[in-house]
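If you want the building blocks of each chain, they are given just below.
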Number of protein chains: 2
Amino acid sequence: MTVNHADLANAVRALAMDAVQAANSGHPGMPMGMADAATVLFTQHLKYDPQWPEWPDRDRFVLSAGHGSMLIYALLYLTGYKKPTLDQIRNFRQLGSPCAGHPENFELPGVETTTGPLGQGLATAVGMALAERHLNARFGDAVQDHHTWVIAGDGCLMEGINHEAIGLAGHLKLGRLNVIWDDNRITIDGATSMSTSEDVKARYEASGWHVVSCDGHDAASIDAALRAAKADPRPSLIACRTIIGYGAPNKQGTAATHGSPLGTAEIAAARETLGWNHEPFEIPADILDAWRTSGARGTKVSADWKVNAAKAEGYAEFLTWLDGSALKAAGPALKAHIDALIAAPQTVATRKASELALGAINAAVPNTIGGSADLTGSNNTLTKGLGTLDAANYGGRYVYYGIREFGMAAAMNGMALHGGLVPYGGTFLVFTDYCRPAIRLSALQRAQAIYVMTHDSIGLGEDGPTHQPIEHVMSLRVMPNVLVMRPADVVETAECWALALENDSGPTVLALSRQNLPQVRTEAGENLSAKGAYRLRAASAARKVVFLATGSEVQAALGAADQLEAAGIGCDVVSMPCWELFDLQSDAYQADILPEDALIVSVEAGTTIGWERYTGRKGLRLGIDRFGASAPAEALYEKFGLTADAIAKAVRGKLA
Amino acid sequence: MTVNHADLANAVRALAMDAVQAANSGHPGMPMGMADAATVLFTQHLKYDPQWPEWPDRDRFVLSAGHGSMLIYALLYLTGYKKPTLDQIRNFRQLGSPCAGHPENFELPGVETTTGPLGQGLATAVGMALAERHLNARFGDAVQDHHTWVIAGDGCLMEGINHEAIGLAGHLKLGRLNVIWDDNRITIDGATSMSTSEDVKARYEASGWHVVSCDGHDAASIDAALRAAKADPRPSLIACRTIIGYGAPNKQGTAATHGSPLGTAEIAAARETLGWNHEPFEIPADILDAWRTSGARGTKVSADWKVNAAKAEGYAEFLTWLDGSALKAAGPALKAHIDALIAAPQTVATRKASELALGAINAAVPNTIGGSADLTGSNNTLTKGLGTLDAANYGGRYVYYGIREFGMAAAMNGMALHGGLVPYGGTFLVFTDYCRPAIRLSALQRAQAIYVMTHDSIGLGEDGPTHQPIEHVMSLRVMPNVLVMRPADVVETAECWALALENDSGPTVLALSRQNLPQVRTEAGENLSAKGAYRLRAASAARKVVFLATGSEVQAALGAADQLEAAGIGCDVVSMPCWELFDLQSDAYQADILPEDALIVSVEAGTTIGWERYTGRKGLRLGIDRFGASAPAEALYEKFGLTADAIAKAVRGKLA
């Protein structure tokens, strides 16, 4: 028997409904509805090699509608990836199976990005498509010349991030980005008409996209649409009209297929409807062979690429970008920068200090990509000679992201996950809230995105409480796998940048001051910020107090310590740029920094909740546990009791 | 001399440039660019009464581009509001002046909502416009019949939230919402063409909006556009082509006017260009008179309204909605509900418990407005008989917000700020990240929005780490002025709902379980959750341990206590549904709950950072400090050591 398109697509459907049923949880509707489109994509268009999932010039495929995870697991298995095995699919959503409820990039090669939080897969894909164009501009077609494909659902399109993502992609004319929209007109609550009246196609056209439509259950129609998408120089939306749960005769087309097993009776009926007369998890040999043959097409393509790419000028350098070794040049550059600072100390805002560090980094490291969400001059993220990365010049290294914090962060994730590039981007620290869902995905996906978050406290002054972060530093510290750094001066800022570049398994958030800060580090030596916290100044008089301060408040703590020492009260001043790194130090080191017999006093212009971790319940926590106010910075530091005078007074009160 | 339009508008411009100059910080460009449009709006269209800012049927005016705060301060002063005074404007951005860097709703009557975080003003206005239609449907034209006007900038339109907001408004056909877009083609980084290529008008049309254009410096053109907007039954975008910093001859039309004082030389040149030959902060008497006369028009209108509204059926009830007294019926209803639970205990998920409580509340209280961001069946937010609130039935009480978490939260703020309604809305707890910027504005604005956040831990199971909140409860606790509640059973859930309804000066977040939880509260009595934490079970054997647990982990702590008590280790079990309320209790109460001589053990299926606040450094913190995993809930509780067995074992280890 000849294997036809329906056989191939039905294999996907069968695995999806069987696995969801076995797990007794999951989402069968989307994989069954999109099986035809995905089959056409994977057998006729997508460039990939199951034997070499890391092939640098593979097409990137992003399942933005991540709840339909069984779609990609089925495809990876059928096309011949080593993982998942059929047993792993049988264990869909069970502890230890790489076939997690939502696709996780760290579980399976072939899963390019973790998806599930709606809208972010597509927004991440924008970054991948941008990375491709940049690498293409730098290394040429022989090295980098691929497409980025996305399957997205109505949820991905309704989320706010979609607007930012497609606005950015349209502006940047990322023609190699093609989004297949699973237009099934169903959401969890019911018909999409319950909550939206939008003309999606017109909206995409308004954002500079090419739009093409197809019948999502007609292979020829799908194929024609994908061809049209590839041919058009704009990013493309392929509106793919589908029936959710296609093949389940009684439930298809309804929200009932979205997020629950179909049930054994409906699955039996679906088998009949689809003409799929095979046992659960059984894929007939001829159908599996046809899938595997299709998957094997890529092996020659990838081999040819390897030969041709290796001949390309710059290929050796390209490899250093991919393996991260290009970043190593930052070390000596930053060391020289710090040596110069020790020789000639500078009083600058740490945002300016970040610009100085970036000047050294960007000159030494070729594969950083900078940017800001419309705050370039405030975030100090642009250094000399980077050039604008836009549709006119994909070889530039600086992206004007526009007023799109979340879109920027998701695009940074996409660049980091694509490989070859290290993105950093800026906004005000208070707007980490706007991009928080993407920072979480940086952390979960272990993506090296570097967030340059300036105006990190009431020190920003007059803009007032909407712009003054109070809880933000702490709210990022509680997020797993994020390095949160709040440097105290120009030297610590350079040290923190060095650590951010070394932190290749997750994001780093740099919290930077608007206001000038004197240089408190004046001696050459090791990277003290790497310890997370270190004794900046030891007590002269008998030690009774240990100040534990971060960022701009280190200066205030030093001032308070001066006053207390003058009264015979010995004070250590510890600068603590990074909790996470301090927590990794030995017990002995931690005990030395935080002695039991001293009053531990935390000083940070933000929430005090959380500082008990280091001060204990009996220590003193100086900070701000309410929203800020609009006034010049000096007036606010007075008001909130974070001047040297007020700190010294509070400590005296506590000791009394 | 006759006062003309230009005189009126130039008074706004002069105050804006003078105040920014005096403060030496701020944003003159937007007020100067939008002075003409705002003058036409306030003198010819807006329904308001400076003598009665709280007039329930006033038009709502939202300055979504909040950085242009001097625009509204100037307008409030000129039209005759009691505040701000000219002195307060002179003290723009200084400590104690109500003329804060960004407009704050709690500083000045006439400022309807705090703006500054871009895009949210417009999204909040959607909620105001929805509230107006709902109240109109319930009480009629004589009581409620007003417009909602917004001034928004390019930033507001580029932010993702804009897509959610206009999608919702277009779907709901909120024709009384009119947005004046300050189309000045400038952002902070420079020309909008650097970062966007969107056809804004086409996008709004695709979302079901009416679009009209005008010359933003031609009063007749502006007036015609505003008339067209009012006449059209759809929400309207008024594309108002302007020159940023209009009148400053050397800087207008450039980003240089956006966020910095113009400088004395340029201000002098602007005075000349505008023909404004008056001292700083001086408004000539005839011009001020003309403004005040215009502002006084509303006094008769509001007086007439008062007479007519008072005759309307239901007016007395309307007043109880406005002053919050309608909510009081919830108390007895919830008491009866709890009594029934004591009589016949129930094992249900706390999300289901929330539905049960809501059933009692919504039946007793007429002015709650429910909803969910497309997770109605999962969030359990819909109770019987509410009816769908949509364009076909503005009198319904349940909103299908679609997959728009941020848009939902902003709309809830708008409803709460409008007055008369108490909104609640649901999504998964993990997606508090998506609406976090709006939760922050609920808190800052003291808006009573109630967030029903379900699936509050690894207990959601198979959906895996993208859907499992780890850090979310703690990250909300560190935000000022938010009540974060994680009830342990069906009774505590009802208690927490009672407290949420009483908390009329800020938001409440309810963190609710997906999984069933046994009823641990079996005795009638006071609302124990009001204490924040209380002793659920006292030790039998000599007390060595105090468990401090929340939500679903209270059950596990009770199980562990059983085991330890059996071994002679006395354990108190404290349930702690709300940190913020516990922190308000007396020292004596707190000391009684957290005795010095016991090992304090926190148990919560989330980050342990922060729990040192109650356990001290030497206590034990059981929780999860990494991302979750995809597996059935029971398997995850095993894996993360949060079963009764594992907890008991950890405590024994610590005591050993």
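Remember, predicted model here, so these are calculated numbers, not experimental data.

**Details of the overall build of chain A**
Then, in step 1: Assigned secondary structure in chain A consists of 25 helices and 20 strands.
Then, in step 2: A compact globule built from 656 residues should have a C-alpha radius of gyration of about 26 Å, and chain A, at 27 Å, falls within 12% of that.
Then, in step 3: Seen along its three principal axes, the alpha-carbon backbone of chain A occupies a region of about 95 × 55 × 45 Å.
Then, in step 4: The buried share among the 656 residues of chain A stands at 69%.
Then, in step 5: Pairs at least 24 residues apart make up 78% of the contacts formed inside chain A by residues separated by at least 6 positions.

**Quick look at the packing of helix 2 (residues 29-45) of chain A against helix 3 (residues 69-79) of chain A**
Residue and element names in this part refer to chain A.
Then, in step 1: With their axes 10 Å apart at the nearest point, helix 2 and helix 3 run at an angle of 40° to one another. When the interaxial angle is binned, helix 2 and helix 3 end up oblique. Crossing of helix 2 against helix 3: the hand is right-handed. Across the interface between the two elements, M30, P31, M34, A35, A38 and F42 from helix 2 touch M70, L71, L75 and T79 from helix 3.
Then, in step 2: Class assignment for the residues of the contact of helix 2 with helix 3 results in 9 nonpolar, 1 polar and no charged.

**Examining the interface of chain B and chain A**
Then, in step 1: Taken together, the contacts link 101 residues of chain B with 101 residues of chain A.
Then, in step 2: Between chain B and chain A the total buried area reaches about 8200 Å² when both faces are included, carbon and sulfur atoms providing 58% of it.
Then, in step 3: On inspection of chain B and its partner chain A, the count reaches 10 salt bridges.
Then, in step 4: Residue A:E596 pairs with B:K618 through a salt bridge whose shortest N-O separation is 3.6 Å.
Then, in step 5: Taken together, the connections running from chain B to chain A amount to 48 residue pairs in polar contact (both at pLDDT 80 or more).
Then, in step 6: Among the elements that line the side of chain B that touches chain A, the one with the most residues is helix 17 (residues 432-445) of chain B, at 8 residues.
Then, in step 7: Residue classes in the side of chain B that touches chain A are distributed as 40 nonpolar, 34 polar and 27 charged.

**Let's talk about the relation of the copies chain B and chain A**
Then, in step 1: Once turned by 180° and shifted 0.0 Å along the axis, chain B lies on chain A with an RMSD of 0.0 Å. Here the copies are linked by what is in effect a two-fold axis.
Then, in step 2: Same-surface contact between copies: 100% of interface residues of chain B are shared with the interface of chain A.

**Regarding the packing of helix 13 (residues 330-343) of chain B against helix 19 (residues 490-502) of chain B**
Residue and element names in this part refer to chain B.
Then, in step 1: Across the interface, helix 13 lies against helix 19 with an axial gap of 10 Å and an inter-helix angle of 175°. What the angle tells us is that helix 13 and helix 19 run roughly antiparallel. The residues of helix 19 that touch helix 13, namely those facing A330, L334, H337, I338, L341 and I342, are V490, V491, A494, E495, W497, A498 and L501.
Then, in step 2: A breakdown of the residues in the contact of helix 13 with helix 19 according to their chemical character gives 11 nonpolar, 1 polar and 1 charged.

**Focus on the pairing of strand 12 (residues 450-454) of chain B**
Residue and element names in this part refer to chain B.
Then, in step 1: Extensive coverage of strand 12 is indicated by the burial of 5 of its 5 residues.
Then, in step 2: Here strand 12 shows no split at all, with I450, V452 and T454 on one side and Y451 and M453 on the other all buried.
Then, in step 3: A crossover links strand 11 (residues 422-428) with its parallel partner strand 12, the connecting element being helix 17, and its sense is right-handed.
Then, in step 4: Two elements, strand 12 and strand 14 (residues 508-512), share 5 bridges in a ladder whose sense is parallel. Paired with I450 across the strands is T508, a residue of strand 14.

**Description of empty space enclosed by the protein**
Then, in step 1: Counted according to the given criterion, the structure contains 13 cavities of 30 Å³ or more.
Then, in step 2: Considered as a void within the structure, the largest cavity measures approximately 120 Å³ in volume.
Then, in step 3: Around the largest cavity, the lining comprises 16 residues; the ones closest to its centre are A:I161, A:F406, A:Y434, B:F406 and B:Y434.
Then, in step 4: For the lining of the largest cavity, the elements supplying multiple residues, two or more each, are helix 7 (160-171) and helix 17 (432-445) of chain A together with helix 7 (160-171) and helix 17 of chain B.
Then, in step 5: The class makeup of the residues in the lining of the largest cavity is 8 nonpolar, 2 polar and 6 charged.

**Focus on the packing of aromatic side chains**
Then, in step 1: The tally for this structure, following the rule as stated, stands at 42 aromatic pairs over all chains.
Then, in step 2: Centroid distance B:F582 to B:Y614: 5.7 Å. Interplanar angle 70°. Geometry classified as edge-to-face. One end of the pair, B:F582, is in helix 21 (residues 579-583); the other, B:Y614, is in helix 23 (residues 612-615), with 32 residues separating them in the sequence. A single burial state applies to B:F582 and to B:Y614, both of which are buried.
Then, in step 3: The rings of A:W52, A:W55, A:F139, A:W305, A:Y315, A:F318 and A:W321 are connected pair by pair, giving a single aromatic cluster.
Then, in step 4: The aromatic ring of A:W52 is capped on one face by A:K306, whose charged end is 5.0 Å from the ring centroid.

Cut-off values and rules
- Every residue gets a number counted from 1 within its own chain, in the order that chain's sequence is written.
- Each chain gets a letter, beginning with A, and each ligand a number, beginning with 1, in the order they are written.
- This being a predicted model, a pLDDT of at least 70 is required before a residue's local features are given, and a value of 80 or more before pairs of side-chain atoms are given or counted; all residues contribute to the totals for chains, interfaces and linings.
- Water and hydrogen atoms were dropped before computing side-chain values, which therefore reflect all heavy atoms in the structure.
- Where helices and strands are cited, they refer to DSSP runs of H or I of at least four residues and of E of at least two residues respectively, numbered from the N terminus.
- Radius of gyration: C-alpha atoms only; globule rule: 2.2 Å multiplied by the number of residues to the exponent 0.38.
- Here's how the labels work: a residue is buried when its accessible area is under 20% of the maximum for its type, exposed when over 50%, partly exposed in between, all with a 1.4 Å probe on protein chains only.
- Here, two residues are considered to be in contact whenever any of their heavy atoms come within 4.5 Å of each other.
- Fitted lines through C-alpha atoms give the axes, limited to the stretch in contact for helices. The angle between two N-to-C directions lies from 0 to 180 degrees.
- Each angle gets one of four labels, with under 35 degrees taken as roughly parallel, over 145 as roughly antiparallel, 65 to 115 as roughly perpendicular, and the rest as oblique.
- By the definition used in this description, the sense in which the near helix is turned from the far one sets the handedness, with an anticlockwise turn below a right angle giving left-handed and a clockwise turn giving right-handed.
- Polar here means any residue other than Ala, Val, Leu, Ile, Met, Phe, Trp, Tyr, Cys and Pro, which are nonpolar, and Asp, Glu, Lys and Arg, which are charged; Gly is therefore polar.
- When two components associate, each loses some accessible surface as probed by a 1.4 Å sphere; the sum of these losses over both components is called the buried area.
- What counts as a salt bridge is simple: a side-chain nitrogen of Lys or Arg found within 4 Å of a carboxyl oxygen of Asp or Glu.
- Any N or O atom pair separated by 3.5 Å or less is treated as a polar contact, with the protein-specific requirement of one donor-capable and one acceptor-capable atom, and with residues adjacent in sequence counted only for side-chain atom pairs.
- Our superposition of the copies is a least-squares fit, built on the C-alpha atoms of residues whose pLDDT is at least 70 in both.
- When the strands point away from the viewer and the connection leading from the first strand across the helix to the second strand turns clockwise, the crossover is called right-handed.
- At least two DSSP bridges between two strands are required for those strands to pair.
- Both site types are read off a 1 Å grid over the protein atoms alone. A 1.4 Å probe that fits but cannot get out defines a cavity, while an open set with protein on both sides within 12 Å along at least five of seven lines defines a pocket; lining residues have an atom within 4 Å of a point.
- Grid points are joined across faces, edges and corners, and a volume is the space filled by probe spheres set on the points.
- Working definition: a ring pair exists when centres of Phe, Tyr or Trp rings (six-membered ring for Trp) sit within 6.5 Å. Plane angles under 30 degrees give stacked, over 60 give edge-to-face, the rest tilted.
- The rule is short: NZ of Lys or CZ of Arg within 6 Å of the ring centre and within 35 degrees of the ring normal puts a charge over the ring.

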